[in-house]
Protein chains: 2
Amino acid sequence: MRSTMMKTPLLISRILQHGSTVHGDSEVATWTGEGARHTTYAEVGREAARLAHALRELGVTGDERVGTLMWNNAEHLVAYLAVPSMGAVLHTLNLRLFPEQLIYIANHAEDRVVIVDSTLIPLLAGVLPHLSTVRHIVVCGAGDTSKLQKDGVEVHRWDELLQGRPETYEWPDIDEDDAAALCYTSGTTGNPKGVAYSHRSIYLHSMEVCMAESFGLGPLVRDLCIVPMFHAMAWGLPYAALMSGASLIMPDRFLQAEPLAKMIEVEKPTFAGAVPTIFTDLLAYLDAHPTDTSSLREVVIGGSACPPALMHAYADRYGIQVIHAWGMTEMSPLGSVARAPLGVEGPEAWAYRYTQGRIPASVEGRIVGPMGEVMPNDGKAVGELQVRGPWITAQYIGEDGPDPDKFDNGWLRTGDVGTLTPNGYLTLTDRAKDVIKSGGEWISSVDLENALMAHPAVLEACVVGVPDDKWGERPLATVVLKDGASTDADELREFLAGKVARWQLPERWSFIEAVPKTSVGKFDKKRVRADYAGGTLEVVQING
Amino acid sequence: MRSTMMKTPLLISRILQHGSTVHGDSEVATWTGEGARHTTYAEVGREAARLAHALRELGVTGDERVGTLMWNNAEHLVAYLAVPSMGAVLHTLNLRLFPEQLIYIANHAEDRVVIVDSTLIPLLAGVLPHLSTVRHIVVCGAGDTSKLQKDGVEVHRWDELLQGRPETYEWPDIDEDDAAALCYTSGTTGNPKGVAYSHRSIYLHSMEVCMAESFGLGPLVRDLCIVPMFHAMAWGLPYAALMSGASLIMPDRFLQAEPLAKMIEVEKPTFAGAVPTIFTDLLAYLDAHPTDTSSLREVVIGGSACPPALMHAYADRYGIQVIHAWGMTEMSPLGSVARAPLGVEGPEAWAYRYTQGRIPASVEGRIVGPMGEVMPNDGKAVGELQVRGPWITAQYIGEDGPDPDKFDNGWLRTGDVGTLTPNGYLTLTDRAKDVIKSGGEWISSVDLENALMAHPAVLEACVVGVPDDKWGERPLATVVLKDGASTDADELREFLAGKVARWQLPERWSFIEAVPKTSVGKFDKKRVRADYAGGTLEVVQING
């Protein structure tokens, strides 16, 4: 039996039309260094219409791609709304990529137009000679454009290009499953891989961001949107803001603690979203420079795990609740939000808040063990997390089908290893590539590291899997002792014995001067494994 | 360009699976008269599986209809979830309909099974001889079933039927556009008309109910669900509760003020949804019987306009915020929610809260004037409200296509007349059939009535449109004076002149003993028009 319901498609143009009329008074504040320039969603709607007319005149038709190389600002928001609404496809270029990656993704996506902040002209100028499909560049803001010279490429000024154009646009009917926006992940190996969000996936994801259990965006929220619009669609916050009437405070390129503190004091956000490092820096600044942060009640932190100490510091000193969240570019990106359940308080509530969070109805999760078996969601069984749902990608752009290394029969393999409790809380412990596969069981390298680092003599401990004839892999513990401290492998092994299962205890131990680190300060486990394989580590062998 | 996103359908089985696992500890409390019986969503999930197995055994296949003649209770919730999840279609039978209407809708929907609360056996027994498609009756609760006798109809007990059946069910893949549930409107004329909600429409509507701007359901909410599950799907609250983990407090048949007060005191809801009359009765009870209502913070009132005095009384005396909302069975039903915008306080905020509310992104609204012209959303232009969106019906069940009296080129004609402000607030003044069409302009009968009733001598005023040779229609004012008061048509016309536009002033006046009323106490305007046409009213004619 067919339903009698309207077949109204879920489109970004609906978000734009709603936001720019019903919430026409809500505002976007873009930081300028000194203060903020303000505009309303009504004006954003008019500007989106002007941009769409301008892009049509530049020849953008069908589903051609329009790239943005921009910070978080009002013009980027206009592009977010106008480009998909006109049927074209937005491609947010991640300005933190290496130049060769930037070139790769712009060519792979076949970007025809690039909109660029004038402060990012040097970056664009450096890669422009290698961009094979770009025909137009639109520059936002004042600044010398003379470096943007290439045969067959026209350079325009945003203000001049949009001036005098109509303030309304007949947004076309679009299939909700058509691509609306592209985002490429910055994989550490190989070329970046892209996903194409649909109008439907963005619309549904925006509703989720407005749900009370998730971020609760609504007309009473002022969102300091620190998480960059060039990365994972700024967690969907810009679209959710237009959908719900939440105002946006955009930091532009001013992402240091001092200007962020000023933005909080002046623009009075109630809510913010950011990665942990920015909020670590901000905490130090606030502690040293008294700032009125009273408007700010909730900060969602994601991107990487948030140190519990940071969460407590904000709660205790500033009355700001840090909410932990987890997601992936492949997931639009919202995967889980860590709020404690009803009736749980004190340390138990904090234990829930330290997790990666609870999955919503539209994100189905399962834990898959080393042999590909689906394991129970009992909070104990450790395996790779797999997810599926209407805003999760089924494959990467341009690939013939789902890559079995990344997808498993309709599920996305997240590449993260952890547990899922019966009540839907996710704890991720390892990247799948770092977990130790020993005799058909998995050993968490991170669990062993944390247990070791609790020993008073240990400064740092890095555990990696190394080949073992009998078990496939076994853990190798590399340990850095504190200055003047002394212990040995036997003692540390005994210390661990009370904390992890006996079969997980490492047989191989190495005492080193320092753990090699990556450029972003994480343990470089690839290097440790290579050192072991190359025989440059001095290893003590203990058999249990 | 096609997106790479998963084609995961939006299904009620996903809501069921999520609610019964991730929110397995959330609970349903069903009032028994003495106290509540409690069960968890985990158990609701198991019971839903048992019911699905049982219905399959009774021969329910494909999209066959399963009717429910039930109050709000845990078993009704189980049916809400199990029936659509198994691919069958839930038909909530409105127990307040006249028997002939009940017979009509059960036969029209071709209900094969009816699940009935034992307290409603007398009602079902009365209509059973005329139900032509029903083959099975499932009785919930103890009680004599001997009256449910009909050839070809088997009677089962819920508990016995479900006992020992598997606690899981392989919920089938379903097209999200397939029908999930049917609801018939109880029109005052002609047969009831049905709409068929889809899995998609119910899923999207559930997300909306969880959005902060709407009802904000989430795991911290305990929802006293007074609005009946047999009417407009209880505003989508049951599905939204499972989706978000909000607990449900179900009054069963105990809808009087005293048991409701007890439920509030004992079960500690944070939120409730109901029609105004119930909350009017409850207020009187609370004023006379001190009750601990401290848990209850927000009550959504819809179904008919909520008197401002009631909203203020709850806010002032009990700290309970009454939130006005508006919708229709044809709209799943959520159409608008009246929360004041950011930064607005005091009387201005209350003015927003008195309106029918603000439309969300998924409900597009427009005002259409007497000549079919689309009018501006300026808060002034008065016309019929038309709406469209993904949870609004495009036609009625069994009709060849959209009836032009009810639909206008893809828009639902709500039959309500009013205004829409630029920021999306809706004020409804009249039913379209009661508005007075005078010379291509519309006159609100309700505005004239309210203005007249502000005169100290006037007890009641009922204004209807009557035929006029020159203008098509003109207003007739019928007035009931207060005991001992005296005035005349000239004075009342002058009194009105300062309050409404001159051309709206009635020429025809009639002083009557009492305004005829319908069975539910509303002005019977049909009867007043008939009295005028029949010449039984004494009319004074004044020409302006």
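Details of the structure are given in the entry above.
As the structure is a prediction and not an experimental result, all values here were calculated from the model.

### Quick look at the environment of Leu131 of chain B
Residue and element names in this part refer to chain B.
Part 1 of the reasoning: Following the sequence through the fold, Leu131 ends up in the loop between α5 (121–127) and β6 (136–140).
Part 2 of the reasoning: Taking C-alpha positions, Leu131 is 42 Å from Thr355, a pair spaced 224 residues apart along the chain.
Part 3 of the reasoning: Beyond its immediate sequence surroundings of up to four residues, Leu131 is in contact with Ile103, Ala106, Asn107, Leu124 and Lys150.

### Considerations on the state of the cysteines
All names here are of chain B.
Part 1 of the reasoning: In total, this model carries zero disulfides over all chains according to the counting rule given.
Part 2 of the reasoning: Left unpaired, Cys140 is separated from the closest cysteine sulfur, that of Cys225, by 17 Å.
Part 3 of the reasoning: Distance from the sulfur of Cys306, which forms no disulfide, to the nearest cysteine sulfur (Cys225) is 18 Å.
Part 4 of the reasoning: The exposure class assigned to Cys306 is buried, which follows from its relative accessible area of 5%.

### Section: the environment of Phe271 of chain A
Residue and element names in this part refer to chain A.
Part 1 of the reasoning: Tracing the chain through its elements places Phe271 in strand β12 (residues 271–274).
Part 2 of the reasoning: In this structure Phe271 comes out as buried when scored by relative accessible area, which is 3%.
Part 3 of the reasoning: A C-alpha to C-alpha distance of 8.4 Å links Phe271 and Ser295, two positions 24 residues apart in sequence.
Part 4 of the reasoning: Dropping the residues within four chain positions of it, Phe271 is found in contact with Phe215, Leu217, Val221, Arg222, Asp223, Leu224, Leu237, Leu296, Glu298 and Val300.

### A short note on the sheet that holds strand β4 (residues 89–92) of chain A
Residues and elements named next belong to chain A.
Part 1 of the reasoning: One open sheet holds the seven strands; their spatial order is β7-β6-β5-β3-β4-β8-β9, and the pairing between them is mixed. Because the sheet does not close on itself, it has two edges, and the strands there are β7 (154–157) and β9 (193–198). Neighbouring strand axes in the sheet, compared pairwise and without regard to direction, differ in orientation by 25° on average.
Part 2 of the reasoning: Sheet topology note: the strand β8 (residues 179–185)/β9 ladder contains six bridges and is antiparallel.

### Things to note about the interface of chain A and chain B
Part 1 of the reasoning: In this assembly, 72 residues from chain A lie in contact with 72 residues from chain B.
Part 2 of the reasoning: Contact between chain A and chain B buries roughly 5,700 Å² in total, counting both sides, with carbon and sulfur atoms accounting for 60%.
Part 3 of the reasoning: Where chain A meets chain B, there are eight salt bridges.
Part 4 of the reasoning: Glu364 of chain A is the partner of Arg14 of chain B in a salt bridge, and the nearest nitrogen-oxygen pair spans 3.7 Å.
Part 5 of the reasoning: At the level of secondary structure, the elements contributing two or more residues to the side of chain A that touches chain B comprise α1 (12–21), β8, β9, α7 (199–210), α8 (237–244), β19 (383–388) and β21 (411–420) of chain A.
Part 6 of the reasoning: Ranked by residue count, the leading element in the side of chain A that touches chain B is α7 of chain A, at seven residues.
Part 7 of the reasoning: Residues that form the side of chain A that touches chain B fall into these classes: 39 nonpolar, 18 polar and 15 charged.

### Topic: the environment of Lys268 of chain B
Residues and elements named next belong to chain B.
Part 1 of the reasoning: Assignment of secondary structure puts Lys268 in the loop between α9 (257–267) and β12 (271–274).
Part 2 of the reasoning: Assessed through its relative accessible area of 39%, Lys268 is described here as partly exposed.
Part 3 of the reasoning: If we skip the residues at most four places from it in the chain, Lys268 touches Arg222, Ile249, Met263, Asp292 and Ser295.
Part 4 of the reasoning: Of note is the side chain of Lys268, whose polar atom sits 3.0 Å from the backbone oxygen of Glu265.

### A look at helix α2 (residues 41–57) of chain B
All names here are of chain B.
Part 1 of the reasoning: Taking 1.5 Å as the rise per residue, α2 with 17 residues should run 24 Å; its terminal C-alpha atoms sit 24 Å apart, in good agreement.
Part 2 of the reasoning: Turning to α2, its buried residues number three or more, namely Tyr41, Val44, Gly45, Glu47, Ala48, Ala49, Arg50, Leu51, Ala52, Ala54 and Leu55.
Part 3 of the reasoning: Just beyond α2, the residue with positive phi is Gly59, at close to 100°.

### Regarding the side chain of Thr487 of chain B
Residue and element names in this part refer to chain B.
Part 1 of the reasoning: Locating Thr487 in the fold gives a position in the loop between β26 (472–481) and α14 (489–497).
Part 2 of the reasoning: By relative accessible area, Thr487 is classed as buried at 17%.
Part 3 of the reasoning: Among the polar contacts made by the side chain of Thr487, one reaches the side chain of Glu491 at a distance of 3.0 Å.
Part 4 of the reasoning: Ignoring any residue separated from it by four or fewer positions in sequence, one finds Thr487 in contact with His455, Ala457, Leu481 and Leu492.

### Digging into the pairing of strand β14 (residues 321–327) of chain A
Residues and elements named next belong to chain A.
Part 1 of the reasoning: Burial within β14 is extensive, with five of its seven residues counted as buried.
Part 2 of the reasoning: Bridge analysis of strand β13 (residues 298–301) against β14 gives four bridges, and the strand direction is parallel. In the strand pairing of β14, Glu298 is matched with Gln321.
Part 3 of the reasoning: For β14 and strand β15 (residues 334–338), the ladder comprises four bridges, and the chain directions are antiparallel. Note that in β15 the partner of Gly327 across the bridge is Leu334.
Part 4 of the reasoning: Once β14 ends, the chain turns through six residues before running back antiparallel as β15, passing Ser332 with a positive phi of about 80°.

### Topic: unusual backbone geometry
All names here are of chain A.
Part 1 of the reasoning: The amide bond that connects Ser332 to the next residue, Pro333, takes the cis arrangement and shows omega of 5°.
Part 2 of the reasoning: By secondary structure assignment, the location of Pro333 is in the loop between β14 and β15.
Part 3 of the reasoning: Located in the positive-phi region is Ser332, a residue other than glycine, with phi close to 80°.
Part 4 of the reasoning: On the basis of relative accessibility, which here comes to 6%, the residue Ser332 falls in the buried class.

### Quick notes on the relation of the copies chain A and chain B
Note that the two copies of the chain are related through a rotation about an axis and a translation along the same axis.
Part 1 of the reasoning: It takes a turn of 180° to lay chain A on chain B, together with a shift of 0.0 Å along the axis; the resulting RMSD is 0.1 Å. Both copies of the chain, as the preceding transformation shows, are related through a two-fold rotation axis. Judged by C-alpha distance, Met211 of chain A is the residue of chain A that lies nearest the rotation axis, at 2.0 Å.
Part 2 of the reasoning: Take the interface residues of chain A: 100% of them recur as interface residues in chain B, which is what a same-surface contact looks like.

### Concerning the sheet that holds strand β3 (residues 65–69) of chain B
Residue and element names in this part refer to chain B.
Part 1 of the reasoning: Reading across the sheet, the seven strands line up as β7-β6-β5-β3-β4-β8-β9 and stay open at both edges, with mixed pairing between neighbours. Single-partner strands in this sheet number two, and they are β7 (154–157) and β9 (193–198). Each strand of the sheet is rotated relative to its neighbour by a mean of 25°, with strand direction disregarded.
Part 2 of the reasoning: Note: β6 against β7, four bridges, orientation parallel.

### As for the pattern of salt bridges
Part 1 of the reasoning: Going through the model one piece at a time under the given rule, you end up with 65 salt bridges over all chains.
Part 2 of the reasoning: Of the charged contacts in the structure, one is a salt bridge between Asp178 of chain B and Arg2 of chain A, with a shortest N-O distance of 3.0 Å. Separated into two different chains, Asp178 of chain B in the loop between α6 (158–162) and β8 (179–185) and Arg2 of chain A in the segment before α1 make up a pair that spans both.
Part 3 of the reasoning: We classify Arg2 of chain A as partly exposed; its relative accessible area is 47%.
Part 4 of the reasoning: The salt bridge partner of Glu43 of chain B is Arg50 of chain B, with a shortest N-O separation of 3.1 Å.
Part 5 of the reasoning: What makes Glu43 of chain B partly exposed here is its relative accessible area of 24%.
Part 6 of the reasoning: Judged by relative accessible area, Arg50 of chain B falls into the buried class, the value being 12%.
Part 7 of the reasoning: Linked by salt bridges that have partners in common, Glu43, Arg46, Glu47, Arg50 and Glu167 of chain A make up one network.

Conventions adopted
- Residues numbered from 1 in each chain as written.
- Chains lettered and ligands numbered in written order.
- Predicted model: local features only at pLDDT ≥ 70, side-chain atom pairs only at ≥ 80, totals over all residues.
- Heavy atoms only, no water.
- Helix = DSSP H or I, 4+ residues; strand = E, 2+ residues; numbered from the N terminus.
- Contact = heavy atoms within 4.5 Å.
- Disulfide = S-S within 2.5 Å.
- Buried < 20%, exposed > 50% of the residue type's maximum accessible area, 1.4 Å probe, protein only.
- Pairing = 2+ DSSP bridges.
- Axes fitted to C-alpha atoms, helices over the stretch in contact; angles between N-to-C directions.
- Buried area = accessible area lost by both parts, 1.4 Å probe.
- Salt bridge = Lys/Arg side-chain N within 4 Å of Asp/Glu carboxyl O.
- Nonpolar A, V, L, I, M, F, W, Y, C, P; charged D, E, K, R; others polar.
- Polar contact = N/O pair within 3.5 Å; in protein donor to acceptor, adjacent residues only side chain to side chain.
- Expected span 1.5 Å × (residues − 1).
- Least-squares fit on C-alpha atoms with pLDDT ≥ 70 in both.

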